[in-house]
Amino acid sequence: MIQKPVRTRYAPSPTGLMHVGNLRTALYEYLIARSQGGSFVLRIEDTDQERLVDGAVSVIYQTLAQVGLRHDEGPDIGGAFGPYVQSERKALYRPYAEQLAREGKAYYCFCSKERLDRLKESAEADGGHFNGYDRHCRDLPAAEVDRLLAAGTPYVIRQKMPLNGSTTFSDAVYGDITVDNSELEDQILLKSDGYPTYNFANVIDDHAMQITHVVRGSEYLSSTPKYNLLYEAFGWDVPTYVHLPLIVGNDGRKLSKRHGATSFADLVGEGYLPAAIINYIALLGWCPKDTRELFTLDELCQVFSIDGISKSPSVFDYDKLDWFNGEYIRAMEPSDFVALIRPELDKVFAGRPYEAPLLAELLQPRLIRLTQLPAMIHFLVERQDYSLDLFYNKKNKVSPDQAKTILPVIRQSLADLPLWTREAVHDSLMALAAGQQLKTGQVMWPLRIALSGQEITPGGAIEIAVILGREESLARLQLAIGRLNEQQ
RNA sequence: GGCCCUAUGGUCAAGCGGUCAAGACGCCGCCCUCUCAAGGCGGAAUCAGGAGUUCGAUUCUCCUUAGGGUCACCA
């Protein structure tokens, strides 16, 4: 048996930002293709002319590029199966629909939008539920069809569903699924504006582009029997379906705005790294054979396999994403990390000189999301209003009284330093502690509070002193001493 | 409501008839420590319920329950 080369496709509609669910679908399509030496195709599905959003196509390109999902064929780079934008393929679909009509597998329907609406309303008024189109035009006499067509009556072309029996299709993750044909509506193939519906265009294009694996969210599961019937009507090979479990919010419902950031752009805006996002969503609904969790995109290509995809919906967990992001930050080369935070540092220090390497050293193990950086180091550029109670620390046996005594000594010692380096500050403070028979903390705690005005700081007193510089450090110490003195 | 899907700790999840039911996030404790992180060590926490099948069910079948998806000239 000859194995056809694997071809997957990402087929988004350009209707706005890229939702993480869509991103994950694109990722899995990419991984399925790459893990089997296949091709990954990008196709833009813009058959709904009303929902098009300006710039949405470039968002798609940007996002794919940002996360490293390189497509092998697409509107921007071409390929052997173009065009890759459905609106540019518009003329292709009609002949297929007409072919089906000729063969008695589809029919012209002249029902007006109003009649359809009435149908739905009366069904609901009866307390029942709308069960789809009533097949009013399904058996129109040929002469009548010709007459209406000739008269220029607006029409759609509908697929004729079998009236009885059932349809079974096979999904690579969900297994065999069977549905009674009586459940299937005579779906529209060609809309009255001449555009194909999504369902129709999808089948035609996937076949034309020789797509072997149709990967999409499980919300499409219930419309898949209709796809199957379409492939059968044309006598085409049915592709391998790979339906993906939904990504939901912490309330179990489909992930949406109220759960927080849901688009890739939102996530990046909140300070997450593209690589961390990809790594996290790769593991949302898929699991490798071992217990590994950290993967680059290339590594994912090596280990991905369809049988690791799960069936149940996954809750998007921002805590776990945080962890991944922290891991990625900590794993960076120091120089890369400096480059990453440089823009933020520039903003915080606003033109003042600062010591990037030391700041980076303090920040790298502590930073979870880029956006947290300003708040973490703001105290370095602006003196804080703080309560003298911060000088209390029972573990170190430190109190405002004790601080009042030790701070002047510390200040003097630092003022006398010939060099203001990390090592010099460190040595002098340690010597001071030893000389006064104090624990390290009894020197460092009051100093850190005096310098930062915060109970929690990235790094310790020594690092803060070095970053602040001699002048500012001594000034802040003097301020603290003054406040402590005037308290009693 | 019809149809379809799903069901292991709070979350992601391994498991595919016999396990003390992995691992990770989060949480708690300890260590390290001038604070917070990072790091190290440890801990609590899971098979929705009920019938079967079987020598033996988390695992297979059925029912119940609970979630979700879908019922457009949207994708």
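Model, not experiment: these values are computed from the prediction. (Residues numbered from 1 in each chain as written. Chains lettered and ligands numbered in written order. Predicted model: local features only at pLDDT ≥ 70, side-chain atom pairs only at ≥ 80, totals over all residues. Heavy atoms only, no water.)

Structural notes on unusual backbone geometry
For residues besides glycine, phi is generally negative; the peptide bonds are generally trans as well.
In step 1: Backbone geometry at Gln210 places phi at a positive 55 degrees, although glycine is not the residue there.
In step 2: Positionally, Gln210 belongs in the loop between α6 (198-208) and β8 (213-217).
In step 3: On the basis of relative accessibility, which here comes to 48%, the residue Gln210 falls in the partly exposed class.
In step 4: One non-glycine residue, Ala350, lies in positive phi territory at about 40 degrees.
In step 5: Mapped onto the elements, Ala350 comes out in the loop between α12 (334-349) and α13 (356-363).
In step 6: In this structure Ala350 comes out as exposed when scored by relative accessible area, which is 60%. (Helix = DSSP H or I, 4+ residues; strand = E, 2+ residues; numbered from the N terminus. Buried < 20%, exposed > 50% of the residue type's maximum accessible area, 1.4 Å probe, protein only.)

Concerning the nonpolar core
Generally speaking, soluble globular proteins have nonpolar side chains that are buried together.
In step 1: Grouped together as the largest cluster of nonpolar side chains are 110 residues, with contacts concentrated most on Leu69, Phe316, Ile377, Phe391, Leu407 and Leu414.
In step 2: Setting aside residues no more than four positions away along its own chain, Ile377 makes contact with Leu345, Val348, Phe349, Leu359, Leu363 and Pro458.
In step 3: Counting 31 residues, the second-largest nonpolar core is a separate cluster that includes Tyr84, Ala106, Leu148 and Trp236. (Core = buried A, V, L, I, M, F, W, Y, C linked by side-chain atoms within 4.5 Å. Contact = heavy atoms within 4.5 Å.)

Some words on the layout of surface pockets
Empty space among the atoms becomes apparent when a probe as large as a water molecule is rolled across them.
In step 1: Each pocket or cavity is described by its volume, and for the largest pocket that value is around 990 Å³.
In step 2: Forming the boundary of the largest pocket are 40 residues, of which Pro12, Ser13, Asn22, Glu219 and Tyr220 lie nearest the centre.
In step 3: Listed by contribution, the elements that provide at least two residues to the lining of the largest pocket are β1 (7-10), α1 (20-35), α6 and β8.
In step 4: With 5 residues, α1 is the single largest residue contributor to the lining of the largest pocket.
In step 5: Considering only residue class, the lining of the largest pocket consists of 16 nonpolar, 12 polar and 12 charged.
In step 6: In this structure, the second largest pocket occupies an estimated 700 Å³ of space.
In step 7: Together, 22 residues line the second largest pocket, and Lys113, Leu116, Val156, Arg158 and Ile188 are the ones closest to its centre.
In step 8: Looking at the lining of the second largest pocket element by element, the count peaks at 4 residues for helix α4 (residues 113-125).
In step 9: Each residue belonging to the lining of the second largest pocket can be placed in one class, and the counts come to 10 nonpolar, 6 polar and 6 charged. (1 Å grid on protein atoms, 1.4 Å probe; cavity = no way out; pocket = protein on both sides within 12 Å on 5 of 7 lines; lining within 4 Å. Points joined across faces, edges and corners; volume = space filled by probe spheres on them. Nonpolar A, V, L, I, M, F, W, Y, C, P; charged D, E, K, R; others polar.)

Examining the pattern of salt bridges
In step 1: Inspection of every chain in the model, using the stated rule, returns 25 salt bridges.
In step 2: The partner of Arg9 in a salt bridge is Asp206, and the shortest N-O contact between them spans 2.6 Å. Within this pair, whereas Arg9 is found in strand β1, its partner Asp206 is found in helix α6, the two being separated by 197 residues in sequence. Like Arg9, the residue Asp206 is buried in the burial classification.
In step 3: Put simply, Arg9, Arg43, Glu45, Arg89, Asp205 and Asp206 are held in one network by salt bridges that share partners. (Salt bridge = Lys/Arg side-chain N within 4 Å of Asp/Glu carboxyl O.)

Observations concerning the packing of helix α9 (residues 274-282) against helix α11 (residues 318-331)
In step 1: Running from N to C, α9 and α11 point in directions that differ by 135 degrees, and their axes come no closer than 9 Å. Relative to α11, the element α9 is oriented oblique. Regarding α9 and α11, the two cross each other, and that crossing is right-handed. Residues Ala275, Ala276, Ile277, Asn279 and Tyr280 of α9 form the contact with α11, whose participating residues are Lys320, Leu321, Phe324, Asn325 and Tyr328.
In step 2: Per-class residue counts for the contact of α9 with α11 are 7 nonpolar, 2 polar and 1 charged. (Axes fitted to C-alpha atoms, helices over the stretch in contact; angles between N-to-C directions. Parallel < 35°, antiparallel > 145°, perpendicular 65-115°, else oblique. Left-handed = near helix turned anticlockwise from the far one by under 90°.)

Digging into helix α2 (residues 56-67)
In step 1: In this model α2 runs 17 Å from its N-terminal to its C-terminal C-alpha over 12 residues, within 8% of the 16 Å that 1.5 Å per residue would give.
In step 2: Turning to α2, its buried residues number three or more, namely Ala56, Ile60, Thr63, Leu64 and Val67. Seen along its axis, α2 keeps its buried residues to an arc of 95 degrees; they face one direction. α2 presents Gln62 and Ala65 as exposed residues on the side facing more than 90 degrees away from its buried surface.
In step 3: Next to the buried residues of α2 lie β1, α1, β2 (39-42), α8 (264-269), α9 and α10 (297-303).
In step 4: Once α2 ends, the next one or two residues include Gly68, with phi positive near 90 degrees. (Expected span 1.5 Å × (residues − 1). Arc of directions from axis to C-beta.)

What about the pairing of strand β5 (residues 166-171)?
In step 1: Residue alternation in β5 divides its side chains into a buried set, Thr167, Phe169 and Asp171, and an unburied set, Ser166, Thr168 and Ser170.
In step 2: As judged from the 6 bridges shared by β5 and strand β6 (residues 175-180), these two strands associate in the antiparallel manner. Within β6, the position partnered with Thr167 by the bridge is Val179.
In step 3: Count of turn residues in the β5/β6 antiparallel hairpin: 3 residues. (Pairing = 2+ DSSP bridges.)

Notes on the protein's contact with RNA strand B
In step 1: As a matter of local geometry, RNA strand B sits amid 63 residues, with Ser13, Lys191, Gly285, Glu293 and Arg366 nearest to it.
In step 2: Looking at RNA strand B alone, sugar and phosphate atoms form 71% of those within 4 Å of the protein.
In step 3: Residue Arg330 places a side-chain N or O atom 3.5 Å away from a sugar or linking oxygen belonging to RNA strand B.
In step 4: Note that a base oxygen of RNA strand B is positioned 3.2 Å from one of the backbone N or O atoms of Gly460.
In step 5: Counting only elements with at least two residues in the surface near RNA strand B, the list comes to α4, β6, β11 (314-315), α11, α17 (440-452) and α18 (461-487).
In step 6: Considering only residue class, the surface near RNA strand B consists of 22 nonpolar, 19 polar and 22 charged. (Near = heavy atom within 4 Å. Polar contact = N/O pair within 3.5 Å; in protein donor to acceptor, adjacent residues only side chain to side chain.)

As far as function goes, none of this settles anything; it's purely spatial.
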